[in-house]
Amino acid sequence: MTADREFLPLDIAVLTVSDTRTEDNDSSGRLLVERLTEAGHRLAEKCIVPDDVYRIRAVVSRWIADPGIQVVISTGGTGITGRDGTPEAVSVLFDKTLDGFGEVFRAVSYQEIGTSTIQSRAIAGVANGTYVFALPGSSGACRTAWDNLIRQQLDFRTRPCNLAELIPRLGEK
């Protein structure tokens, strides 16, 4: 980070994908909200939906259509079981995929959980000028992703470059 730039807060929506989580036990969603607000960003909205591709896609579609939301972060549904469908739900909305996000997430995660990281299908992309990150459902994975990748890339002060500074140009045609 550099002192020659001021922090620019972003409006971020958080989606928890789970058949069992509620507001009372949603530790991953709560962690993401805490992390983003501690960093100085604003929580635009938070909700929980079941592991259902169409319900996930409906919420994310609504958020990417909202010009007041710049980033969507989901947690859950990125595994390999029959009900895990978050990547399928959101990837069809992407105008561009950030391939490096999943690759770097798994590389960093490998240092923490070893080969179990291959079970993660964490992805990110740009949809209608909005960044979308799909993270695993564990609070440890959300912590890893936020602390090691997302926080720096959503901070306008990060050098040599960051995702935040590109937001005004995401809608270029």
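Residues numbered from 1 in each chain as written. Predicted model: local features only at pLDDT ≥ 70, side-chain atom pairs only at ≥ 80, totals over all residues. Heavy atoms only, no water.

### What to know about the nonpolar core
Now for step 1: Residues Val71, Ile73, Phe101, Phe133, Leu135, Ile150 and Leu154 are the most contacted members of the largest nonpolar core, which totals 27 residues.
Now for step 2: Counting residues per element, the ones that place at least two in this core are β1 (11–17), α1 (27–38), β3 (71–75), α4 (99–113), β5 (123–127), β6 (130–135) and α5 (139–153).
Now for step 3: In terms of residue count, the dominant contributor to this core is α5 (6 residues).
Now for step 4: Not counting the four nearest positions on each side in its chain, Leu154 is found in contact with Leu10, Ile12, His41, Val71, Phe133, Trp146 and Ala164.
Now for step 5: Among the nonpolar cores identified, the runner-up in size contains 19 residues, and Ala13, Ile56, Ile64 and Ile69 belong to it. (Core = buried A, V, L, I, M, F, W, Y, C linked by side-chain atoms within 4.5 Å. Buried < 20%, exposed > 50% of the residue type's maximum accessible area, 1.4 Å probe, protein only. Helix = DSSP H or I, 4+ residues; strand = E, 2+ residues; numbered from the N terminus. Contact = heavy atoms within 4.5 Å.)

### Digging into the packing of aromatic side chains
Now for step 1: One pass over the structure, following the stated rule, counts 2 aromatic pairs.
Now for step 2: One cation-aromatic arrangement involves Arg5 over Phe156; the distance from NZ or CZ to the ring centre is 4.1 Å. (Phe/Tyr/Trp six-rings, centres within 6.5 Å; stacked < 30°, edge-to-face > 60°. Lys NZ or Arg CZ within 6 Å of the ring centre and 35° of its normal.)

### Looking at α1
Now for step 1: If you check α1, its first and last C-alpha atoms are 16 Å apart, about what 12 residues at 1.5 Å a residue would give, namely 16 Å.
Now for step 2: Those residues of α1 that fall on the buried side of the exposure criterion are Ser28, Gly29, Leu31, Leu32, Val33 and Leu36.
Now for step 3: Those residues of α1 hidden inside the fold are in contact with β1, β2 (42–49), β3, β6 and α5.
Now for step 4: A positive phi of about 105° marks Gly40, the residue just after α1. (Expected span 1.5 Å × (residues − 1).)

Keep in mind these values describe shape, not function.
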